[in-house]
Each structure stands twice: as structure tokens, then as C-alpha cells.
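# Coordinates in review
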Amino acid sequence: LVLSLAWLGPALGGEDEDEEVVEEQEKEKKEDEVLSDEIKEEDNVLVLHEHNFARALSEHQLLLVEFYAPWCGHCQQLAPAFAQAATELRNESSPARLGKVDATAQTALATEFGITSYPTLKLFRDGNRTHPLAYTGRMDSQGIVRWLQRRAGPSATLLQDTDTAAAFISSQDLVVVGFFKDLRGEAAQAFFEVAAEVLDLTFGVAEAAELFQAYGLSADTVCLFKKFDERQTNFPVDPARGLDPAELTRLLRVHSLQLVMEFTNETSNQIFSAKIPHHMLLFLNKSSPEQLSLRDGFRAAASSFRGEVLFVVVDVMGHGADVLPFFGMTAADAPTLRLVKMENNRKYQMEQDDFSDSAIRSFIQAVLDGKVKPHLLSAEPPEDWDTRPVKVLVGKTFEQVAFDETKNVFVKFYAPWCPHCQAMAAAWEELAERYKDREDIVIAEMDSTANELENITIHGFPTLHYFPAGPGRKMVEFKSTRDVETFSKFLENGGTLPEEPPVTKTPGNSTGQENPSVPGTGESRDEL
């Protein structure tokens, strides 16, 4: 069609000239638009650039701005939720508005606000241009709306008497109330800061003397009220150190969980976001009354380790069935116990399962004291593990192959379900084919979902490690482009890559990458 019009233009008498005039007029119109401070909207989102940015700040008390790149997949994924949030806020006449800046075109704004990845969201309050607040909420419409609502109004409800306090506390399963003698003091301000950030809890605040007396308090205290377990948990404010927002947030996360959680689709996010360093798991079949009765001893042991170990019941016939392969288990192994150290996914098990509360406490303490070795998974080595160009390693055979002092061993640690691993599979096979006749080079792979190593922790898939020949048990992680030629350069250069000219970076983005910290968007590696 384009070629046809190009040929027809001259024959139709002067079409080219008219098109040039129209194009020039359109160009001038766009230039006028850019130079104007007029603020246009797309789906209730303000379209901002360097000529209207100051006006937008002056007209809106709270302005959450997304700095984006048109090519950024994360930005494209966020766009519908961002527009929906903008519409909800406008419909409820909120003082908060949403805006967006194409940071690849508006490089002056990108530089001014230190934009190095996409999308980056910043909140501007009361026209202040110099100290925007980084967005810390969820990247969905509800998360954006709630985050801004907490900043548009008071983050905690003022409770003035015993009746309003009682009604507030009974209104939900979990509420947090800060009791402060001075609501303008530093401790109270730190409390309001926490209330603005922890969006899934409801916060109240009180300073009336009768409320201190009603709830048995004599000094500044933050109280967590629950309709389960212990009904009231007090966190007194240290008079010397004051109230640390990060520590209070951690305590609220820990104590807002039930003493013993059940692993379900609804609770899984709570379980993993609590950041409790160890998880003690009771695997059982809930359809068995005999196995259900084991929860009593499990629960009795839990209170001794609140905050250090999270106790979780996993139904092997329910939602927990999906996690069994991670432990090398089947439903037939229930009932059984496992303790997981969350920082490295090390798993520990009793020599013989004992479900009494005393035995569980003793086992956990022994693990915490470093007296128990982790239980490492290992598949059985395939009979043909070394007949193909890519050698197949398992936990039991890894040491003898990877640390063979006569070989340079390049290992891919992968997960069968990982799309990035699947995408590079052909390149890894081709690499192995290229080096299959080299006696000093071994190309291997290991399924890290079925095999674990004592001194090597795999945090993401795929992970590539190079084990050079010679003494010393050395290991080098490969972190460059995953293609055959780059792999070959790495191997031929003895486990390093030759120096190359620096990569040209995208203007306004010091990394040239999309934001790897956006929740739920996936990055260059699938995290475990």
C-alpha cells in the first residue's frame, strides 16, 4: 500500500506537496503542544512533560507520577491498573491524582529525579519538587489507591473515649492502637509513619487518660488487638530508644499471624511476607482424624519460638500437595515434620519423627544451635548420565565431577518449569556438542529442584557456575549473555570474559534495563 501511494502521488497531481504541508502543520502543532503548560489526560492520568510539570505540582496536593519507557514491558503491564486507580481516585474526589512522564523523551525530568529503571513511581506532596517520596505499595490498582488514601487522610483513626475505642477494636479481626501521652511527640509520629506503610492493618490512636486506664497501660504503648490467640499484645515504647518504625513493623507482621498457620492459597502470601527466619512444617492428611490430633503437640511447642520460627500445618491432600516435590516427598510420607531455614532453603528433619511438644522443641533448638546437619535432596543418577554431550549431575555425584582437579566443569543449575532455562536449553546442548571431544572441559547440568548441595545455594534459575581445574575447590559464577559464542569465549579465556567496550545505555536510565524490583513482573531469572 505504501509503495502504491508513492507511485500514485505524482500522477494525481501535487499530492506530495499537500502531504508535506500537512506534515509540517502537524509537526508545528505538536511542538506547540509540548511547549505549552496545558495538562492533557489519558484515562484520567495526567500526561506530564517538562513544560507542564510545575503547573501539575502547583494544582494537585498529592501527585503520584510514573516515570516510564514506552518499550518497557513492566510499564505496559502496569498501565491498565494505573489508569483504573486514577479513575477510582477521581471518582471519589480524592486530593490525590496520578500522572505519567515518558522518561525516554523527557530526559531533563528523568535526570532531575534520578530515574534509573522503569517504571519508577514517586509521590509529590504540596508542590514540593525536591523531596518526592518513593512509592512502596503494591503494583495493582487497589494497592495504589490504598497507598494514596493513607497519605491523603490521617493514617490512624483518633479514638476519644472508651465506647469508640471498644467499637473500633471489635470492628475487625486485627487492629493496631497506639496509646501516646503526646500525639505530637516523636514516638507518635513514628507510629503514624508505620500506619501509612502497613496497608493491610487498620490503625487507631489514643491519648485520653481514661483509655490508658481502660486497657491497663501507664506509658506509651502500641497494642495489637486480635480475635484469636492472645487477645491483646503490647509493645511498650522504650523511653530511651523511642519507637523504631522498622522494628514495630516487624513485630506487627510477626504477631498478626496466628500462632500456627495453615498453608492455603489465602495465607501463603502472609506466611512468606512475614520474614520469619525459620518455618516448622507439619505435613498431614486432614482427612485422617488420627493425623489431625497431632496438631495439639505441634501447637504446644509453637509459643516458645514466636518470631524466630513460624509453625505451619500443610495438608498433603489439599493446597500443600503442590509443595511436596520441593521436599522430595509424596502424600504417603505424611505425617512428618520438616524445618526450613528460609535464607538458604536448607531443610532439616528428625532421625525419627516424634510429634510430642517436648521432642519438637528439642529438635528446633538443636537446629538453631547448629547441632543438626541439613537433609539434602538427591535424585538417583541416570544410567546414561555421562553418555550424552551434556552430563547429568545429581546431588550424590556432584562433588566427584565438579571438583575433579583435571577438568574444567561448566554447570547449569536449572528448574524444569523455568522458561528462561527452557529458552537457553538449545544453546547449552550446542555448547556441549562443540566441546564434547575436549578431555579437559565438561558441560553439565543439574535439576536444582530435585538435588541440593551442602555448600552451594542456588537462588535463581538458571544459575551457571564454572569450576576450574586444579586444587582449591574454586567456583566462578557466569553472569553475562547466555548464548553459545559468549559461553565459548568464557571457556576459552579460562573462566573470564575478555574486556569489551562498554554497552551504550538508554538516556535517562543508567542501567538500560527495566526495573527488576517491581513485584510480580519477573526479571531475567526466575526466583526460587
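Quick notes on the rules
- Residues numbered from 1 in each chain as written.
- Predicted model: local features only at pLDDT ≥ 70, side-chain atom pairs only at ≥ 80, totals over all residues.
- Heavy atoms only, no water.
- UniProt positions renumbered as here; feature names shortened; annotations may be inferred.
- Pairing = 2+ DSSP bridges.
- Helix = DSSP H or I, 4+ residues; strand = E, 2+ residues; numbered from the N terminus.
- Phe/Tyr/Trp six-rings, centres within 6.5 Å; stacked < 30°, edge-to-face > 60°.
- Buried < 20%, exposed > 50% of the residue type's maximum accessible area, 1.4 Å probe, protein only.
- Lys NZ or Arg CZ within 6 Å of the ring centre and 35° of its normal.
- Contact = heavy atoms within 4.5 Å.
- Axes fitted to C-alpha atoms, helices over the stretch in contact; angles between N-to-C directions.
- Core = buried A, V, L, I, M, F, W, Y, C linked by side-chain atoms within 4.5 Å.
- Salt bridge = Lys/Arg side-chain N within 4 Å of Asp/Glu carboxyl O.

As annotated in an unreviewed UniProt entry, the chain carries the name protein disulfide-isomerase and is attributed to Orthonyx spaldingii. The heading Sequence similarities (unreviewed entry) in the UniProt record of the chain holds the text "Belongs to the protein disulfide isomerase family." Its UniProt record, at the heading Subcellular location (unreviewed entry), says of the chain: "Endoplasmic reticulum lumen".

### Quick notes on the pairing of strand β2 (residues 45-48)
Relative to β2, strand β1 (residues 40-42) runs antiparallel, the two sharing three bridges. Each residue of the ladder has a partner; that of lysine 40, found in β2, is valine 47. In this structure, the hairpin formed by β1 and β2 is closed by a connection of two residues, where aspartate 43 is found at a positive phi of approximately 55°. Inspection of the sheet shows β2 paired to strand β4 (residues 96-102) by three bridges, in the parallel sense. Note that in β4 the partner of leucine 48 across the bridge is valine 101.

### Considerations on the packing of aromatic side chains
This structure, assessed with the given rule, holds 31 aromatic pairs. Their ring planes at 85° and their centres at 4.9 Å tell us that phenylalanine 478 and phenylalanine 490 sit as a pair that is edge-to-face. Residue phenylalanine 478 is found in strand β22 (residues 476-478), and its partner phenylalanine 490 is found in helix α17 (residues 484-492); the two are separated by twelve residues along the sequence. For phenylalanine 478, a relative accessible area of 5% corresponds to the buried category. Ring pairing ties together the aromatic residues Phe410, Trp428, Tyr466, Phe478, Phe487 and Phe490, which thus form one cluster. Residue placement shows lysine 347 over the ring face of phenylalanine 327; its charged tip is 6.0 Å from the ring centre.

### A word on the environment of alanine 444
Position of alanine 444 among the secondary structure elements: in strand β19 (residues 441-447). Residue classification places alanine 444 among the buried positions, given a relative accessible area of 0%. For the pair alanine 444 and tryptophan 428, spaced 16 residues apart in sequence, the C-alpha to C-alpha distance is 8.9 Å.

### Here's the deal with the sheet that holds strand β8 (residues 174-179)
Strand order in the open sheet formed by five strands is β7-β9-β8-β10-β11, with mixed pairing between adjacent strands. Strands with a single pairing partner mark the edges of an open sheet, and in this sheet they are β7 (157-158) and β11 (232-236). Across five bridges, strand β10 (residues 221-226) lies against β11 in antiparallel orientation. Paired with threonine 221 across the bridge in β11 is proline 236. Sitting on the sheet, helix α7 (residues 162-170) touches β7, β8, β9 (202-206) and β10, and the angle it makes with β8 is about 145°.

### Here we look at the nonpolar core
Core analysis: the biggest nonpolar cluster contains 24 residues, and Phe180, Phe191, Phe203 and Leu252 have the highest contact counts within it. For this core, the secondary structure elements donating two or more residues are β8, α8 (186-197), β9, β10 and α10 (245-255). Residues within four places of phenylalanine 191 in sequence aside, it is in contact with Ala156, Val176, Val177, Gly178, Phe180, Phe203, Gly204, Val205, Val222, Leu243 and Leu248. One finds Phe305, Phe311, Tyr348 and Ile364 within the second-largest nonpolar core, a separate group that totals 22 residues.

### Observations concerning the pattern of salt bridges
The final tally for this structure, using the stated rule, is 30 salt bridges. Between glutamate 112 and arginine 129 there is a salt bridge, with its nearest N and O atoms 2.7 Å apart. Of the two residues, glutamate 112 sits in helix α5 (residues 107-112) while arginine 129 sits in the loop between β5 (120-125) and β6 (133-134), which places them 17 residues apart along the sequence. Using a relative accessible area of 42% as the deciding quantity, one classes glutamate 112 as partly exposed. In this structure arginine 129 comes out as partly exposed when scored by relative accessible area, which is 27%. Across the pair arginine 473 and glutamate 399 runs a salt bridge whose closest N-O atoms are separated by 3.0 Å. Taken as a pair, arginine 473 in the loop between β21 (463-467) and β22 and glutamate 399 in helix α15 (residues 398-402) lie far apart in primary sequence, 74 residues in all.

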